[in-house]
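Each chain, letter by letter, is given below.
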There are 2 protein chains.
Amino acid sequence: MELRPQPDPCVVVIFGASGDLTSRKLLPALHNLQHDDLISSSTAVVGSARTHYTDDEFRAEMKTAVEEHSRIAPTKTSWDRFSKDLSYVPGDITGNELWPALKEKLEEIDAASGTSGNRVWYLATAPAFFGPIAEQIGKAGLLDTGGWHRLVIEKPFGTDLASARDLNATVSTSFSEDQIFRIDHYLGKETVQNLLVFRFANAIFEPIWNRRYVDHVQITVAEDIGVEDRGAFYEDTGALRDVGQNHLMQLLALIGMEPPVSWDADAIRNEKVQVLKAVRRFAQEDCEHCVVRGQYDGYRDEKGVDPRSSTETFVALNLAIDNWRWAGVPFYVRTGKKLAGKVTEVAIHFQGVPHLLFAKTAVEQLEPNVLMIRVQPNEGISLTFGTKVPGPEVEVTTVNMEFDYESDFGSGTPEAYERLLMDCMNGDATLFTRADEIEEAWGIVDPVLEYWRKGGVPGRYGPDSWGPAAADELMTRDGRGWRAPNLR
Amino acid sequence: MELRPQPDPCVVVIFGASGDLTSRKLLPALHNLQHDDLISSSTAVVGSARTHYTDDEFRAEMKTAVEEHSRIAPTKTSWDRFSKDLSYVPGDITGNELWPALKEKLEEIDAASGTSGNRVWYLATAPAFFGPIAEQIGKAGLLDTGGWHRLVIEKPFGTDLASARDLNATVSTSFSEDQIFRIDHYLGKETVQNLLVFRFANAIFEPIWNRRYVDHVQITVAEDIGVEDRGAFYEDTGALRDVGQNHLMQLLALIGMEPPVSWDADAIRNEKVQVLKAVRRFAQEDCEHCVVRGQYDGYRDEKGVDPRSSTETFVALNLAIDNWRWAGVPFYVRTGKKLAGKVTEVAIHFQGVPHLLFAKTAVEQLEPNVLMIRVQPNEGISLTFGTKVPGPEVEVTTVNMEFDYESDFGSGTPEAYERLLMDCMNGDATLFTRADEIEEAWGIVDPVLEYWRKGGVPGRYGPDSWGPAAADELMTRDGRGWRAPNLR
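Quantities reported herein were computed from a predicted structural model and do not represent experimental measurements.

Draft legend 1. How the structure looks around the side chain of A:R241. Residue and element names in this part refer to chain A. Within the fold, R241 resides in helix α9 (residues 238-256). Buried R241, no salt bridge; nearest opposite-charge side chain is D160, N-O distance 5.3 Å. In terms of polar contacts, R241 uses its side chain to reach the backbone carbonyl oxygen of T159, at 2.5 Å. When residues no more than four places from it in sequence are discounted, the contact partners of R241 are T159, D236, N246, E312, W442 and L449.

Structure below.
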């Protein structure tokens, strides 16, 4: 296989460089990409935030971070090579000093390192600053460099449809759509990318990937931890905005989309938008039956949380997709915190056999086929199927065919952020979310937010559960049940 | 699950009781069925052959055999219980003494053990005696007992279509079709039975089990041993009669058949006959391209073999099935002795994807999906599929999803003969071959035998090969290749 060439040397400018994301994810990812020679050794990184650091202080801080968080331990050589082009420009984005200082620093780097005016602008700040920074980058003339410019925006992208539209509008005053890379780090996960490969590199699944053969789909994104030290942020956000609007909708889009015409950013994103458009918007009266919210016991005691909070830490939705492929096939999706396990799974539940050859007594345990795609942990794919129990009777039971990613490929697969940063430097937007995708996903979520604003409270759930009782009723009402996630 | 009731007590009369099959398979199977309480403790066994044994001599001989060959070691209790109803009647089937002696013995047993005139007549003799014995049983009045009668006939059933028809006609002078149980012990193997369960207990395979999605099917029945001490028998038989006409055709029928209306002997056998009827008969000119015979190096030196023998120890066929499901989908089948491994496998090779999304460079290793059903050893099912290689490139490779029978169900599954004897006592003919099935299978094989009689010699092949070079050409000519059998 031919490897892609290294991306052009560039400067990665990180706003919010004193934050967690920078130390836990971005710096380790940039170090590792250079360590593996996947990016040029001339790639420079400039951190910026209000905190005052000298270049040396910032480097020391980041060295500790990389040592602590990187999957590849830095060696003296790798760290020296990486840190020689690592610097820091402090400042307030609303002030008058930051922007000229930044401009000067970047021009210095271009001159010294041959980064040719190429920039990755990485917004790792609080969401409120995404718009203003993007606007200022343009206004301050930092885009007039003769090189390429790419803007990476972290989630959450807006807090509802209207704010997402506003943000898209603000950002577009400085950047064109093909320069904007909205991150959903789930899309950088190997198994999430593999959803597309699995669907479209295998001829045997596509013929049964539709309403004729699929009974329903379940998508679970479960965390076992609570809000930890993010109480204040979470209190204003909730599970639907934090995970539902992005990760759940992205997984739904990848499972539900039509085959794209090519493996090309816009070809794939066109199809994702199409299936999101086809997701039926909830009328207010549907919300009563198709939406469940929950809150874990003890959430109201968390730091930064209102003692009478009605913020949801769990949400489950029963979504309908109104198109030829999926009409009548419910997609049950759920996400929550402090659940019985940390697991992300997609399960395609197929219909049963149309005609049963075996005596009823022989098939008590015969379940319809389920194709299960585990995104994390234990990335893998398994298929349940009916087989004969050895013995003189014709007794049928359900067993698993298993594929385990790690046992074939080993552990230590690249982090999502490595993949996404490299794609961005290459100008490949396949794994980033386009403006219309973001807006369609908010369009699905908005009626639920509106319904919740009218009142009601989330159902309570205890530790080691999979959410409130109502989440089970969401499925039992349809004669179905949640599949117990695989927690081995 | 409700277990089937024990079959009625009966007498199993074994002709050819001094032979290998009786000591290696039948007596161990009967002992084990009684050991596991699957058949009545009143079940009696009467051996018969020309060799003179007293009852006690026969019991002693059989005790040694069961100790040596049974998967369940006999205990004092189990052997005493089993052997109290084990006896022997010597005699020549063409003479005047055997039949009255047998009649008397059986009536004694009925009186003593309550076997009510129920009989399993088991023909484990040389094939030449099948017809005469069946005829004599009737003529000697042994069927006038008021109980049920079932005749079990070992393979080979005939040596071509004409002789099979003759044998069916002879046997039917004493027995009706529903009393005749033609054994192909392959059908008693768990994994062979599981072919039907797999196909018809899972809704996801049947939609792609046809010419729209299947490129071709491969069936391999390979032995690693030579003819050993069966040279004289084999010299007159050859691979096509020994394995091709029965095991290969049975596997083809189970893979190719339409869904039966029920799990019922005649419903299943009706569909098997239908697909065998649809197998295109070779015109003599087709044989040149669609038939390969081989002979292993050293075969002519085996004891009992003609030094100029042209008997085939290997055969490969390219079969076409002329029906709506399989038109245009070749079934490549092969069997042989002294091959590189002992393995029985069915591989369904699906077509490739209709449209490739990935760059050519990304998919060098992408093979179409293959569903592989291993009958022996390591019974199991696996599915190859394309998946993403972890890393920043979209590289696709082929991996396996695996199900292993033993790791789910443990080892020590019942022997084929246990299952078949019990089914016969229950009057369940599902796993036995009906007269019309036998004749259709011979109808497929006959033109090949005729073609070979016209001349030519088998291609030679060495040890550790998978047959003669021509067997590979049979597939490469079609742009395909044999899948390397899984020998782990």
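Draft legend 2. Focus on the nonpolar core. In this structure, A:F15, B:F15 and B:W121 are the most contacted members of the largest nonpolar core, which totals 310 residues. Excluding its chain neighbours within four sequence positions, the residues that come into contact with B:W121 are B:V13, B:F15, B:L102, B:L106, B:I137, B:L142, B:L143, B:H149, B:R150, B:L151, B:V152 and B:F175.

Draft legend 3. Representation of the sheet that holds strand β5 (residues 149-153) of chain A in the model. All names here are of chain A. An order of β3-β2-β1-β4-β5-β6 is seen for the 6 strands of this open sheet, with the pairing classed as parallel. Two strands bound the open sheet, and with one partner strand each, they are β3 (86-90) and β6 (180-182). Taken over all neighbouring pairs, the strand axes of this sheet differ in orientation by 20° on average, direction set aside. The sheet contact formed by strand β2 (residues 44-49) and β3 spans 5 bridges and is parallel. In the sheet register, A49 faces β3, and the bridge partner there is P90. Contacts from helix α13 (residues 416-425) reach β1 (11-15), β4 (119-123), β5 and β6 within the one sheet, and its direction differs from that of β4 by about 135°.

Draft legend 4. Fine view of the interface of chain A and chain B. Between chain A and chain B, the contact holds 63 residues from the first and 63 residues from the second. Taking both sides of the interface into account, the surface hidden between chain A and chain B amounts to around 5700 Å²; carbon and sulfur atoms contribute 70%. The interface formed by chain A and chain B includes 0 salt bridges. Summed over the shared surface of chain A and chain B, the result is 17 residue pairs in polar contact (both at pLDDT 80 or more). If you list the elements that add at least two residues to the side of chain A that touches chain B, you get α7 (190-200), β13 (380-389), β14 (395-404), α12 (405-409) and α13 of chain A. Along the lines of polarity and charge, the residues of the side of chain A that touches chain B split into 37 nonpolar, 16 polar and 10 charged.

Draft legend 5. Up close: the relation of the copies chain A and chain B. When chain A is fitted onto chain B, the two copies agree to an RMSD of 0.1 Å after a turn of 180° and an axial shift of 0.0 Å. Such a turn and shift between the copies fits a two-fold axis.

Draft legend 6. Layout of the packing of α9(A) against helix α14 (residues 435-453) of chain A. Residues and elements named next belong to chain A. Look at α9 against α14: their axes get within 10 Å of each other, and the N-to-C directions meet at 135°. By the angle between their directions, the pair α9 and α14 is classed as oblique. Of the two elements, α9 crosses α14, and the hand of that crossing is right-handed. On α14, the residues that touch L240, R241, Q245, M249 and Q250 of α9 are E437, I438, A441, W442, I444, V445, V448, L449 and W452. A per-class count over the contact of α9 with α14 returns 10 nonpolar, 2 polar and 2 charged.

Draft legend 7. Main features of the pairing of strand β7 (residues 214-222) of chain B. All names here are of chain B. Burial within β7 is extensive, with 8 of its 9 residues counted as buried. Where β7 meets strand β11 (residues 343-350), 8 bridges bridge the pair, whose relative direction is antiparallel. If you follow V214 over to β11, its bridge partner there is F350. Pairing geometry for β7 and strand β10 (residues 331-336), over 6 bridges, is parallel. Among the inter-strand pairings, T220 is bridged to a residue of β10, identified as R334.

Draft legend 8. Geometry of the sheet that holds strand β3 (residues 86-88) of chain B. Residues and elements named next belong to chain B. The parallel open sheet is built from 6 strands, whose spatial order is β3-β2-β1-β4-β5-β6. Among the strands making up the open sheet, the edge pair consists of β3 and β6 (180-182). Each strand axis lies, on average, 20° off the axis of its neighbour in the sheet, ignoring direction. The sheet contact formed by strand β1 (residues 11-15) and strand β2 (residues 44-48) spans 5 bridges and is parallel. By the bridge assignment for β2, F15 is matched with S48. The sheet strands contacting helix α4 (residues 98-113) are β1, β2, β3 and β4 (119-123), and the helix crosses β1 at an angle near 155°.

Draft legend 9. The arrangement of the packing of aromatic side chains in detail. If you walk through the whole model with that rule in mind, you get 34 aromatic pairs over all chains. Ring centres of B:F15 and B:W121 lie 6.4 Å apart, and the angle between their planes is 20°; on these two criteria the pair is classed as stacked. Taken together, the residues B:F15 in strand β1 and B:W121 in strand β4 connect sequence positions 106 residues apart. Each member of the aromatic cluster is reached from another via a ring pair, and the members are A:F198, A:F205, A:F403, A:Y405, A:F409 and B:F385. Positioned over the ring face of A:W148 is A:R150, at 3.8 Å from the centre of the ring. Above the face of the A:Y186 ring, A:K189 is positioned so that its terminal group lies 5.5 Å from the ring centre.

Draft legend 10. View of helix α15 (residues 469-476) of chain A. All names here are of chain A. Buried within α15 are the following residues: A471, L474 and M475. Buried residues along α15 cover an arc of 85° about the axis, so they all sit on one side. Tucked into the core, α15 has its buried residues touching β7 (214-222), α11 (284-290), β8 (291-296), β9 (314-319) and β10 (331-336).

Draft legend 11. Just the pattern of salt bridges, in detail. All names here are of chain A. According to the stated counting rule, one finds 60 salt bridges over all chains in the structure shown. The partner of D55 in a salt bridge is K105, and the shortest N-O contact between them spans 3.3 Å. Taken as a pair, D55 in helix α2 (residues 55-69) and K105 in helix α4 (residues 98-113) lie far apart in primary sequence, 50 residues in all.

Draft legend 12. Spatial organisation of the side chain of B:N369. Examined against the element boundaries, B:N369 turns out to sit in the loop between β11 and β12 (370-376). According to the relative accessible area criterion, B:N369 is buried, its value standing at 1%. Within the structure, the side chain of B:N369 is placed 3.1 Å from the backbone nitrogen of A:A203, a separation counted as a polar contact. Looking at B:N369, its side chain comes within polar contact range of the main-chain nitrogen of A:I204, at 3.5 Å. Excluding anything up to four places from it in sequence, B:N369 contacts A:N202, A:A203, A:I204, B:I348, B:H349, B:F350, B:T384, B:F385 and B:G386.

Cut-offs applied
- Residues numbered from 1 in each chain as written.
- Chains lettered and ligands numbered in written order.
- Predicted model: local features only at pLDDT ≥ 70, side-chain atom pairs only at ≥ 80, totals over all residues.
- Heavy atoms only, no water.
- Helix = DSSP H or I, 4+ residues; strand = E, 2+ residues; numbered from the N terminus.
- Buried < 20%, exposed > 50% of the residue type's maximum accessible area, 1.4 Å probe, protein only.
- Lys, Arg positive; Asp, Glu negative; His and termini not counted.
- Salt bridge = Lys/Arg side-chain N within 4 Å of Asp/Glu carboxyl O.
- Polar contact = N/O pair within 3.5 Å; in protein donor to acceptor, adjacent residues only side chain to side chain.
- Contact = heavy atoms within 4.5 Å.
- Core = buried A, V, L, I, M, F, W, Y, C linked by side-chain atoms within 4.5 Å.
- Pairing = 2+ DSSP bridges.
- Axes fitted to C-alpha atoms, helices over the stretch in contact; angles between N-to-C directions.
- Buried area = accessible area lost by both parts, 1.4 Å probe.
- Nonpolar A, V, L, I, M, F, W, Y, C, P; charged D, E, K, R; others polar.
- Least-squares fit on C-alpha atoms with pLDDT ≥ 70 in both.
- Parallel < 35°, antiparallel > 145°, perpendicular 65-115°, else oblique.
- Left-handed = near helix turned anticlockwise from the far one by under 90°.
- Phe/Tyr/Trp six-rings, centres within 6.5 Å; stacked < 30°, edge-to-face > 60°.
- Lys NZ or Arg CZ within 6 Å of the ring centre and 35° of its normal.
- Arc of directions from axis to C-beta.

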